[in-house]
Amino acid sequence: MNKIDNITSVHVPDKFLITPMLVFFIIHSMQVGVGILGFESYISRYSGFDSWISILISGVFIHILLWMVYQSLQTGGGDIVAIHQQCFGKYVGGMLSIVLSVYFLLLALTVLRTFIEVIQVWMFPSLNLKIFSFVFLLLIYYLVVGGFRLVTGFCLISVILTIPLLLLKFFPIMVGNFNYLYPAIDHTILDLTRSTKDGILSFLGIELLLIFYPFIKNPQASKKWAHFAVFYTVLIYLATALTAFLYFSEEQLQYVTWGTISLWKIVEFPFIERFEYIGIALWMYVIVPNVCLALWGASRIPRRLFNINQKITVGLFCVALYILILLFDDRQRVEQLNVFANDVGFYVLLYIPVIFLLSKIMYEVRTRHER
Amino acid sequence: MWRPKKKEQEKNIDRFQSLSSEQTVQTLFDTLEHSNDFKRYKVGASGWVISYVSTMCDDKIINDTLLPVLKQHELQSLEDMKDKLPVDNIRVTEDTKKIEENVMTGYIIVQEKSADQKVLCVPASKYEGRKVSIPEVEFSVVGPKEAFVESIDTNMSLMRKRLPISQLTFRELKMGSITQTRVGVVYIDGIADEDNIQTVFQRLKNIDYDQIIDSSFISQMISDNSTSPFPQLLDTERPDRVVEVLVEGKIAIVVDGSPHVLTCPTTIVEFFSASDDYFLPWHLATAFRLIRLFAVFFSVLSTPLYVAILTYHHEMIPEELMSTIVASRADIPFPPILEVIILELTIELLREAGARLPTKIGQTIGIVGGIVIGTAAVDAGLTSNVLLIIVALAALASFTTPVYQIGNTIRLIRFPFLIGAQMWGLVGVAMVMMFYIGHLIKLTSIGRPFFAPLYPLRFRDLRDAFIRLPFSKQSERPLQTRPETSRRFNKEHVSERRDIDE
């Protein structure tokens, strides 16, 4: 057993640790990404305007999953790489860890590519994809190379900077029609479950905790912040969805791809109109921490497994992202990418209970063995 | 420079160094004889030899104190003379290094015979320097009006006067292999963090450079990231400001010959807080501080936003406002970016010219530049009225920064924003902003985070950052300096509540 501990022990120097409160910002930044800009239409596909209930249900599920993640990390000692090695041995465990790394890379790609798509659709239809994504990735490389501390700081700034955007919901609510929400709960349980499955995908992101857990100074104290973060995300999703439901009718919403951005359009001040330009520019501050976290997570796993210099992996992954972005060059492919990433994300969420059970069993076996 | 030198360089000892090492008193005086202001002659019946640099010595001490004693008394030895002379701090020494240092700083050297190695050093220094005057760079309407001068001793006394405690520690170093500049590190023992002090000394000792002319040399050499446009040590000419931060547990670096004192560790928000903020009631101070902060953002972002919106997002401007802008821009042959760059460069030109010229001509230049060139440029159809207003306001706003150094940074950092705005409009501006935020989070000042109290988020320090809460709410020193004792006063005295008529 000592042998295992030697391989898997994670030690992070004191100066790189983050305070528990910052977990709130990390989890929240990881959860809110590009999805919220247009999730209203697809969560309401099955259960219509009752889907706000399914947001609440999926929120509850995410809270449970988060609890499981914490439980397995506490008993498993360290991060997902350590847990994998304990449960599946060096090779199979390592393979699984690499799969997770690729998953994070996929997440980064999806968010980045989808956001560039948003820019192409809403701001610059003739955007030079090659130059823009190159500069964008250069920026992301610069930030990720700054380390986990910098990325965390960026999450904090991004959450603070985007709070004013929430106030813009006021405008559509002013002209919204409250009758759209009635009659409440007229869909079957099955419909609600199906839209819960869709809804749960917008909460993807808690799995990053599996990697950055050793960076938290006092993990026990961070639990409440992580749960706060999920709760805050639920609230924001709920507010966003309800605003869209008030403004659009059920049929109309199905034809709106980017609900939130469309709602920014109606904001009007005496000196500024068409607020979606500012909204999209500000949304960069949501996207970049999201991509940085995913990229950091993706590059952290190879470092833990093979002790490769993380700067090199970040660089390689950035090159990979650049090539992949250029490959997904039209709307259909971006759509397919999103669907694919959502499917994978769903299985990753399903995988969390498996890890939870396995680490519990391992823990039981080990403690019995020691006796 | 301050990196370890290569071996080849070490072998190549130049003539300068060989002259200064391994010399005797005789060779020292031989070297000095080349200068005309060096005086060396015999005095009195017993033939004492006195030597001094006349430009550094006070005639009064030579004529009224030294010469009468030498001429009237029958003196047996240097020790005997040391007792007789009514001057303090007289030393008898044989150390050539010391003698050289003394004679160069205005000591009179007395020898029994001209070839003797044993000498008596009599202090007779005379310093020419400016009187303490009012601060010119960091002017304030209310509050103390004393500014540092070029003498390290005067500067120290300005600080000691305000902090009459034994814990105020002043440790001196000699820096610059040729200039031999006196550099002092000042801190309050028991409040300043031991690690910070160690870091400062470590960094100062690592400096290996031939000349230290001003404190800004030190500032650039010991800053954590010397490629950053942001100054990582705060320099100030106000003694009250230095004392204020010393009490908070920071460390000050005083350099002889420089009227600016460096303080560290510092944070980005400190550059936007003025001394005035503490002389006004807290709500007024808060309001002015926020105005200043807004001014900085306006100064940096206004022209990039103009470029971004007029180049790519003209839909954003409401119809009524658009017609005004269109009317103003109708005859302009250039795209917005070119228009902005021309005008920004003009302003920079005026500013640079104004800074180099004497005050009186500087004002004229300001009027000529601001009014004449501005109006002419608009009349000639080179720039639009709207842009002229924006650029002038931006320039005005950039002068609101209380610390001169950050003003320079603000002048420069808007140009990347302009490029970003021209490339991808608002998205480009957001990207450049992100780069700067990332850079600021990365920066440290003497190993302490520069972007605090924003990140790491320190609520205690936020009480005196963007806003300033009343003194009664600031019962603890800021966390940034990691003070050894953080309590400022007993909070309970303040929070005692009293009923009506009690």
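Just so we're clear, the structure is a prediction, and the values are computed from it rather than from any experiment. (Residues numbered from 1 in each chain as written. Chains lettered and ligands numbered in written order. Predicted model: local features only at pLDDT ≥ 70, side-chain atom pairs only at ≥ 80, totals over all residues.)

Helix and strand counts for chain A stand at 16 helices and zero strands. In terms of overall size, chain A behaves like a compact globule, its C-alpha atoms giving a radius of gyration of 21 Å where 371 residues would be expected to give roughly 21 Å. For chain A, the spread of C-alpha atoms along the three principal axes comes to 70 × 50 × 35 Å. Taking all 371 residues of chain A together, 47% fall into the buried category. Counted over contacts in chain A with a minimum sequence separation of 6, partners at least 24 positions apart contribute 85%. (Helix = DSSP H or I, 4+ residues; strand = E, 2+ residues; numbered from the N terminus. Rg over C-alpha atoms; globule rule 2.2 N^0.38 Å. Buried ≥ 20, exposed ≤ 12 C-beta atoms within 10 Å, placed from the backbone. Contact = placed C-beta atoms within 7 Å.)

Along the backbone of chain B there are 19 helices and twelve strands. Its C-alpha radius of gyration of 29 Å places chain B more than 25% over the 23 Å reference for a compact globule of 502 residues. If you line up chain B on its principal axes, its C-alpha atoms span 100 × 70 × 50 Å. In chain B, which comprises 502 residues, the share counted as buried stands at 34%. Put simply, 65% of the contacts in chain B that link residues at least 6 apart link residues at least 24 apart.

Further remarks concern the sheet that holds strand S9 (residues 251-255) of chain B. The pairing of strands in a sheet happens through backbone hydrogen bonds and is either parallel or antiparallel. Residue and element names in this part refer to chain B. Here five strands make up an open sheet; going across it, the order is S6-S7-S9-S10-S8 and the pairing antiparallel. Looking at strand neighbours, the two that pair on one side only are strand S6 (168-175) and strand S8 (234-236), the edges of this open sheet. Direction aside, the axes of adjacent strands within the sheet are offset by 25° on average. The pairing of S8 with strand S10 (residues 261-264) spans three bridges and is antiparallel. Bridging across to S10, Leu234 finds its partner in Thr263. Along the sheet face, helix H10 (residues 239-247) touches strand S7 (181-188), S8, S9 and S10 and points at about 50° away from the line of S7. (Pairing = 2+ DSSP bridges. Axes fitted to C-alpha atoms, helices over the stretch in contact; angles between N-to-C directions.)

Here we take up the interface of chain B and chain A. Facing the 22 residues of chain B at the interface are 27 residues of chain A. Element by element, the count of residues in the side of chain B that touches chain A is highest for helix H17 (residues 404-442) of chain B, at 13 residues. Residue composition of the side of chain B that touches chain A, by class: 17 nonpolar, three polar and two charged. (Nonpolar A, V, L, I, M, F, W, Y, C, P; charged D, E, K, R; others polar.)

All names here are of chain B. Strands sit in the order S1-S2-S4-S5-S3 across an open sheet of five strands; the sheet is antiparallel. Looking at the sheet topology across the chains shown, the edges are occupied by strand S1 (38-43) and strand S3 (91-93). Going across the sheet, the axis of each strand differs from the next one's by a mean of 25°, ignoring polarity. Bridge analysis of strand S2 (residues 48-53) against strand S4 (residues 107-111) gives three bridges, and the strand direction is antiparallel. Within S4, the position partnered with Ile50 by the bridge is Val110.

Residue and element names in this part refer to chain B. We note that the domain assignment places domain 1 (7-123), domain 2 (152-266) and domain 3 (280-448) within chain B. A C-alpha centroid distance of 33 Å is found between domain 2 and domain 3. Each side of the interface is counted separately: domain 2 has 16 residues, and domain 3 has 13 residues. Where the side of domain 2 that touches domain 3 is concerned, the elements lending two or more residues are helix H8 (194-206) and S8. Top element by residues in the side of domain 2 that touches domain 3 is H8. It accounts for three residues. Its residues assigned to classes, the side of domain 2 that touches domain 3 shows eight nonpolar, six polar and two charged. (Domains from an automatic or database assignment.)

Pairing of S6(B) with S7(B) involves eight bridges; the strand directions are antiparallel. Opposite Phe170(B), over in S7(B), you have Val186(B) as the bridge partner.

Residue and element names in this part refer to chain B. Here helix H16 (residues 385-398) contains 14 residues, and its C-alpha end-to-end distance of 20 Å stays within 8% of the 20 Å for a straight helix at 1.5 Å per residue. Of all the positions in H16, only Leu387, Val391, Ala394, Ala397 and Ser398 are classed as buried. All buried residues of H16 fall inside an arc of 125° around its axis, so they share one side. Those residues of H16 that are buried are in contact with helix H12 (282-311), helix H14 (336-356) and H17. (Expected span 1.5 Å × (residues − 1). Arc of directions from axis to C-beta.)

Right, let's talk about the pairing of strand S5 (residues 119-123) of chain B for a bit. Residues and elements named next belong to chain B. S5 sits mainly inside the fold: four of its five residues count as buried. Summarising the sheet, S3 and S5 pair through three bridges and their orientation is antiparallel. Residue pairing for S5: Val92 is matched across the bridge by Leu120.

The next point concerns the confidence of the model for chain A. Residues and elements named next belong to chain A. Across chain A, pLDDT averages 88, with 97% of residues at or above 70. Mean pLDDT across the elements of chain A bottoms out in helix H1 (residues 2-8) (43) and peaks in helix H6 (residues 129-145) (95). For residues 1-8, every residue scores under 50 in pLDDT, and the model assigns this stretch eight contacts once sequence neighbours within four places are set aside. (pLDDT = per-residue confidence, 0-100.)

Take the nonpolar core next. Among the nonpolar cores identified, the biggest contains 187 residues, and Ala108(A), Cys292(A) and Leu295(A) are the most heavily contacted of them. Taken together, domain 2 (152-266) and domain 3 (280-448) of chain B each give at least three residues to this core, which thus spans both. With residues up to four places along the chain from it excluded, the contact list for Cys292(A) reads Ile140(A), Leu143(A), Val144(A), Val151(A) and Phe154(A). (Core = buried A, V, L, I, M, F, W, Y, C linked by C-beta atoms within 7 Å.)

Our next topic: the packing of helix H5 (residues 80-122) of chain A against helix H14 (residues 276-306) of chain A. All names here are of chain A. Packing of H5 against H14 leaves a shortest axis separation of 8 Å and a crossing angle of 160°. Looking at the two axes, H5 sits roughly antiparallel to H14. By crossing handedness, the relation of H5 to H14 is classed as left-handed. The residue inventory of the contact of H5 with H14, partitioned by class, reads 22 nonpolar, five polar and two charged. (Parallel < 35°, antiparallel > 145°, perpendicular 65-115°, else oblique. Left-handed = near helix turned anticlockwise from the far one by under 90°.)

Turning next to the environment of Ile108(B). All names here are of chain B. Along the chain, Ile108 turns up in strand S4. Judged by C-beta crowding, with 27 C-beta atoms within 10 Å, Ile108 ranks as buried. The spatial distance from the C-alpha of Ile108 to the C-alpha of Ala124 is 6.5 Å, given a sequence separation of 16 residues. The contact partners of Ile108, leaving out residues within four places of it in the chain, are Ile50, Tyr52, Cys57, Ile62, Leu66, Val122 and Ala124.

Next up on the list: unusual backbone geometry. Residue and element names in this part refer to chain B. Residue Pro265 follows Cys264 across a cis peptide bond; omega there is -10°. Along the chain, Pro265 turns up in the loop between S10 and helix H11 (276-279). The step from Tyr455 to Pro456 runs through a cis peptide bond, and the omega angle for that step is 0°. Within the secondary structure, Pro456 is located in the loop between strand S12 (448-449) and helix H18 (459-462). Non-glycine residue Ile446 carries a positive phi angle of around 50°. Position of Ile446 among the secondary structure elements: in the loop between strand S11 (444-445) and S12.

This paragraph deals with the confidence of the model for chain B. The share of residues in chain B with pLDDT of 70 or more is 95%, and the mean pLDDT across the chain is 86. Complex prediction metrics read pTM 0.89 and ipTM 0.92.

Direction vectors running N to C along H6(A) and H17(B) enclose 20°, while the axes themselves pass 10 Å from each other. One element, H6(A), and the other, H17(B), form an angle in the roughly parallel class. Helix-helix and strand crossings are classified by hand; for H6(A) and H17(B) the assignment is left-handed. Contacts from Phe132(A), Val135(A), Leu139(A), Tyr142(A) and Leu143(A) in H6(A) reach Trp424(B), Met431(B), Met434(B), Phe435(B) and Gly438(B) in H17(B). Of the residues assigned to the contact of H6(A) with H17(B), the class counts are nine nonpolar, one polar and no charged.

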